[in-house]
Number of protein chains: 4
Amino acid sequence: MHYILKIDCPDQKGLVHKVSGILYDFGLNIVENEEFVDHVNNHFFMRSEVVGELDRAEAFNKLSTSLPDNANIQLHEKRKKDIVVFATKEYHCIGDLLVRHHFGELKANILAIVSNHDHLRGFCDKFELPFYRISAEGMEREEHESKVLGVLDQYNPEFLVLAKYMRILTPKFTSHFRNRIINIHHSFLPAFIGAKPYLQAYSRGVKLIGATAHFVNDNLDEGPIITQDVIHTNHKSDAKMMAKAGRDVEKIVLSNALKLVFDDRVFVFNNKTIVL
Amino acid sequence: MHYILKIDCPDQKGLVHKVSGILYDFGLNIVENEEFVDHVNNHFFMRSEVVGELDRAEAFNKLSTSLPDNANIQLHEKRKKDIVVFATKEYHCIGDLLVRHHFGELKANILAIVSNHDHLRGFCDKFELPFYRISAEGMEREEHESKVLGVLDQYNPEFLVLAKYMRILTPKFTSHFRNRIINIHHSFLPAFIGAKPYLQAYSRGVKLIGATAHFVNDNLDEGPIITQDVIHTNHKSDAKMMAKAGRDVEKIVLSNALKLVFDDRVFVFNNKTIVL
Amino acid sequence: MHYILKIDCPDQKGLVHKVSGILYDFGLNIVENEEFVDHVNNHFFMRSEVVGELDRAEAFNKLSTSLPDNANIQLHEKRKKDIVVFATKEYHCIGDLLVRHHFGELKANILAIVSNHDHLRGFCDKFELPFYRISAEGMEREEHESKVLGVLDQYNPEFLVLAKYMRILTPKFTSHFRNRIINIHHSFLPAFIGAKPYLQAYSRGVKLIGATAHFVNDNLDEGPIITQDVIHTNHKSDAKMMAKAGRDVEKIVLSNALKLVFDDRVFVFNNKTIVL
Amino acid sequence: MHYILKIDCPDQKGLVHKVSGILYDFGLNIVENEEFVDHVNNHFFMRSEVVGELDRAEAFNKLSTSLPDNANIQLHEKRKKDIVVFATKEYHCIGDLLVRHHFGELKANILAIVSNHDHLRGFCDKFELPFYRISAEGMEREEHESKVLGVLDQYNPEFLVLAKYMRILTPKFTSHFRNRIINIHHSFLPAFIGAKPYLQAYSRGVKLIGATAHFVNDNLDEGPIITQDVIHTNHKSDAKMMAKAGRDVEKIVLSNALKLVFDDRVFVFNNKTIVL
């Protein structure tokens, strides 16, 4: 069996020794091991991939008793995550995810697709996945979100992936999925927060355009950043051309972020990510 | 002789034909020629490098009469620009410029160096350039700037290069040098405007840090962007480490911007740059 | 109507003036215009996008008579190109192309897909495009290629796109499509020519892996390079992980190259490309 | 005191536990800790930065007895390295190093500069470092190298940095400094091995030019790669312009490699580097 162990807790001497000792006593092979200490906040992070036989409850117990009381400990088998993908009308991110999913490259099972429009139904149907169009027209935000939650209840996803979902989520909604909603924002955050980032970028005359994958928690575009990248642009591009050119960097940044999250490499701490 | 011609004016049919005809009639060889039309604002930009013999006044006259009345026309010999460099305490940008200048790579003559501190005097003295320490201590901003202007009057520079000059310039000062002051800002503008961008970047948990070279006109950090670049960072870097890592991208971005400006490749229009 | 004009010929004075004069006489609006002179070989390149009404034959005639005898002149309407896509077993490049094609982003019509294996048939069938499996098993190279040519004859494609087609083409085959076959090679050419570039890259311990899109003419991997890019790698990646990581850069580089070629921006000269 | 511990040995279970136990028993604070297992070759690598009081001999002894017999163990105080810099005529790499050194940023003490030409003497003299011009004219390679070794004997450097030193070193010479000579090669190795890489790059029509920092052991340009980077180029650049444009990436790549090496982050194994 292949397990992933994630620990974070206030730093103290001997943590690596303790944890590696427990793993050794279980006779596990360490495939990969990374630690990081945030010296500003005096906090310890560790991620291990181990192979071997394990009584998970027993191991968890041993770790809990050796580590500080307020330690966060996750220990589970390495496996694909269950997700639901959200989109609106743009195809490039969801197209990329569906191709990867079809060929088993995405480290997740897409259980369903939710959209507030019907534009992508035909395309998604090719991949034989449940497609829920939940229109928001003439509806209060909460009413719409409760319909969405109704669909999600059937699937119990571990993560929601917003693949160009053009709606703002309420804190009430996001509170159900703390650090479990991943969004792709079409700018190099924190530049150009909010709507129409490419129009903002064009107006400012920037020479780079970017994309940011982040968790969505309370405030729009202010959640922990997972990964970012940029491409060069110049005076030849108007806002529309920038938006087109940005598609590729958006889809690759989102895909890279999902690899990290689904591989259990991402810790959230103080509204930032530690990626081991 | 080697000349550079820059034209910008409202677009109309036949502009390239007219200008190329005048260049042809003078028997000039076109070394490089680039045009751009901003279709949003219907404005035409052109830059030509030509080699040959030329009566500059006559050529300028012919161009003026053929082109629209409100055309901006520059025609001058290709030559190094006269500049004054400003710095405060940080060495990486000015160090890079002085080495390039020493070996004739910088397309400019550094006439003098101005600093509000004395930290860099010893280093600058190695390169035998006039170094003016003009302290701002206990002084109103205008008083300090008038002292600086006093020094600049001796040199009559075409461009001022702010190589990590840690003072805000008043609109009164910058009005003397419209589109002729080049600053390096230590972030990917418009993210992290103002002071301590690396601390802001660290606090936001970004995964890229950047640098922006721009002209300084009325408002701090809001002038036309010339060029930008970024490097990757991660959770391991605190604000101080980010600042150190950012030095290399800052000095290269500044140097790249200066190449473009001193090569007469940069047009400013609507607070943006067109780089031909 | 929207036209694209491409010219290349030995350089001489006045070429821009002549061509822009002809365009002006036809009353055309120049949307975009770029020229380049290769001063090493004294050769002139020009690409114009123009809008207006035009008697194509008449315009072509005027250009021919004004330009040097050996000038290459192309003048045609801006339109999508007809292409056939080749693949073997890997899905990432063809998957990306089929999604772009489905949503009208690819500047080409995919007429058919050819593969020497059947692995991708199910996926391609989703997009309702003719899929030809032409097995090469137990066949001489020429015999296989003549079968492929038989299929191509039905479609008369302007370009062939090798989207990870794992077979070497004979000069006899490629001679039918000079500068019209585009390949994606999974390395930064000319490093790691030939088979298993990722294994070669791993063995050499490189810190970057790349992808190169190029035309295929006589010799494998030695045709004119259209575009290239790289991503960072490190000691953690073995050859297989490098191959996986390389997929995204391969598909983006291929897609970028196709945009340039299908937009008529690429000239081939002396086994290199000029991209205007 | 601040120590750096580097270990590499055949992998076995429990290594992290053993080492971290020894560090814990000494009461050391772990500032940074990284491990890597090369699963292809079953080899373990570990680098720790620790702070505290230590009897170095005792600690080394404990580590030696706990680890496999053939383990490589280095344990020493964190401190600047003693180096000699080699150059020929080009100024950009040595210029960058001397500025960094002057301001204490280089994690090394430059003891002396060796050049086979006199071009850089004036510049180096500004920084008041011993400059040895050792001409190779009319001399056998071995004779020249023995003169160089004569100078090096006075300084006993830990590393030699070839900052654009345009001479090939014999295996006899390099054998004195195994994995202790760092070179900057002006291409993306293994593309364009040997002389005039920019001319080769221009002739091949590449769209990226690169730089590679590597250790120099037996064969020219075939030593372990430390780090690499590239910049974009295009048809506008001839070989000379590529060489100029490449200067910045060369100096930054060399500087980045030196940071890694002088920070004791680089292991050499199977002619590759592991960078922790």
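Everything below is about the structure shown above.
Residue indices begin from 1 for each chain and proceed along its sequence in written order. The naming scheme follows written order: chains are lettered A onward, ligands numbered 1 onward. At least 70 in pLDDT is required for a residue's local features to be given in this predicted model, at least 80 for side-chain atom pairs to be given and counted, and no such filter applies to totals for whole chains, interfaces and linings, which use all residues. Each side-chain value is derived from all of the structure's non-hydrogen atoms; neither hydrogens nor water enter the calculation.

**Notes on helix α3 (residues 92-102) of chain D**
All names here are of chain D. Burial here depends on accessible area, computed with a 1.4 Å probe over protein chains only, as a share of the maximum for the residue type. Under 20% is buried, over 50% is exposed, and the range in between is partly exposed. In DSSP terms, a helix is any run of H or I states spanning at least four residues, a strand is any run of E spanning at least two, and both are numbered starting from the N terminus. α3 sits mainly inside the fold: 9 of its 11 residues count as buried. For α3, the full list of buried residues reads H92, C93, I94, G95, D96, L97, L98, V99 and R100. Just downstream of α3 lies G104, where phi reads positive at about 75°.

**Some points on the interface of chain B and chain A**
With 35 residues of chain B at the interface, the matching set in chain A holds 35 residues. Salt bridges are defined as contacts in which a side-chain nitrogen from Lys or Arg sits within 4 Å of a carboxyl oxygen from Asp or Glu. Taken together, chain B and chain A are joined by 0 salt bridges. Counted as a polar contact is a pair of N or O atoms within 3.5 Å, where, for protein atoms, one must be capable of donating a hydrogen and the other of accepting one, and residues adjacent in sequence contribute only when both atoms are in side chains. The tally of links between chain B and chain A comes to 14 residue pairs in polar contact (both at pLDDT 80 or more). Contributing elements (two or more residues each) for the side of chain B that touches chain A: β2 (29-38), α7 (197-204), β11 (225-232) and β13 (272-275) of chain B. With 7 residues, β11 of chain B is the largest single contributor of residues to the side of chain B that touches chain A. Within the side of chain B that touches chain A, the residues separate by chemical class into 16 nonpolar, 10 polar and 9 charged. We call two residues in contact when some of their heavy atoms are within 4.5 Å. Ten residues, namely Ala, Val, Leu, Ile, Met, Phe, Trp, Tyr, Cys and Pro, are considered nonpolar, four, namely Asp, Glu, Lys and Arg, are considered charged, and the remaining ones, Gly among them, are considered polar.

**Regarding the sheet that holds strand β8 (residues 159-162) of chain C**
All names here are of chain C. If you walk across this open sheet you meet the 7 strands as β7-β6-β5-β8-β9-β10-β11, and the pairing is mixed. Taken across any chain shown, the strands that pair with only one partner, and hence form the sheet edges, are β7 (131-133) and β11 (225-232). Here the average twist between neighbouring strands, direction ignored, is 20°. Bridging between strand β10 (residues 208-215) and β11 involves 7 bridges; their strand directions are antiparallel. Strand pairing is defined by DSSP finding a minimum of two bridges between the two strands. Fitting a line to C-alpha atoms yields each axis, with helices limited to the stretch in contact; the angle taken between N-to-C directions then spans 0 to 180 degrees.

**A closer look at the pairing of strand β5 (residues 81-87) of chain C**
Residue and element names in this part refer to chain C. The buried count for β5 comes to 6 of 7 residues, which makes it a mostly enclosed element. Across 7 bridges, β5 lies against strand β6 (residues 108-115) in parallel orientation. Within β6, the position partnered with V85 by the bridge is I113. By definition, the crossover connecting two strands over a helix is right-handed if that path, from the first strand to the second, turns clockwise as seen with the strands pointing away from the viewer. Taken together, β5, helix α3 (residues 92-102) and β6 constitute a β-α-β crossover, and its handedness is right-handed. As paired elements, β5 and β8 share 4 bridges and run parallel to each other.

**Some remarks on the packing of aromatic side chains**
Centre distance within 6.5 Å is the pairing criterion for rings of Phe, Tyr and Trp, where only the six-membered ring of Trp is used; planes under 30 degrees apart are then read as stacked, over 60 as edge-to-face, and the remainder as tilted. Overall, the coordinates contain 46 aromatic pairs over all chains when judged by the stated rule. Centre to centre, the rings of F159 of chain B and F262 of chain B are 5.6 Å apart; their planes meet at 50°, and the pair counts as tilted. You can see F159 of chain B sitting in strand β8 (residues 159-162) and its partner F262 of chain B sitting in helix α8 (residues 239-262), a full 103 residues away along the chain. Take F159 of chain B and F262 of chain B: they sit in the same class, and that class is buried. Their ring planes at 40° and their centres at 5.7 Å tell us that F173 of chain C and F177 of chain C sit as a pair that is tilted. We note that F173 of chain C, like F177 of chain C, is buried. Three or more aromatic residues joined by ring pairs make a cluster, and in this case those are Y91, F103, F123 and F127 of chain A together with Y91, F103, F123 and F127 of chain C. The rule for a charge over a ring is simple: NZ of Lys or CZ of Arg within 6 Å of the ring centre, and within 35 degrees of the ring normal. We note K126 of chain C situated over the ring of F127 of chain A; from NZ or CZ to the ring centre the distance is 5.6 Å.

**Quick notes on the environment of K196 of chain C**
Structurally, K196 of chain C can be placed in the loop between β9 (181-185) and α7 (197-204). Separated by 18 residues in sequence, K196 of chain C and R178 of chain C place their C-alpha atoms 26 Å apart.

**Considering the pattern of salt bridges**
Across all of its chains, the model carries 88 salt bridges over all chains by this definition. The salt bridge involving D248 of chain D is made with K251 of chain D; its shortest N-O contact spans 3.4 Å. Of this pair, D248 of chain D and K251 of chain D both sit in helix α8 (residues 239-262), 3 residues apart, which is roughly one turn of that helix. Residue D248 of chain D is classed as buried on the basis of its relative accessible area of 10%. One network of salt bridges, with partners in common, ties together E32, R47, E49, K78, K107, D263 and R265 of chain A.

**Structural notes on the relation of the copies chain C and chain A**
In screw terms, the move from chain C to chain A is a rotation of 180° and a rise of 0.0 Å along the axis, fitting with an RMSD of 0.0 Å. What the superposition gives is, in effect, a two-fold axis relating one chain to the other. Residues of chain C ranked by C-alpha distance from the rotation axis are headed by K126 of chain C, positioned 2.9 Å from it. When the interface residues of chain C are mapped onto chain A, 100% of them again lie at the interface, so the same face is used by both copies. Superposing the copies works by least squares over the C-alpha atoms of residues that have pLDDT at least 70 in both of them.

**Here's the deal with the relation of the copies chain B and chain A**
Mapping chain B onto chain A leaves a residual RMSD of 0.0 Å; the transformation is a rotation of 180° accompanied by 0.0 Å of translation along its axis. The overlap is high: 100% of the interface residues of chain B also sit at the interface in chain A, so the same surface is used on both sides.

**Digging into unusual backbone geometry**
The phi torsion of most residues other than glycine is negative, and most of the peptide bonds are trans. In this model, D264 of chain A sits at a positive phi of 60°, which is unusual for a non-glycine residue. Mapped onto the fold, D264 of chain A is located in the loop between α8 (239-262) and β12 (266-269). Here K164 of chain D, not a glycine, exhibits a phi torsion of approximately 70°, which is positive. Here K164 of chain D shows up in the loop between β8 (159-162) and α6 (171-174). With relative accessibility at 1%, the residue K164 of chain D sits in the buried group.

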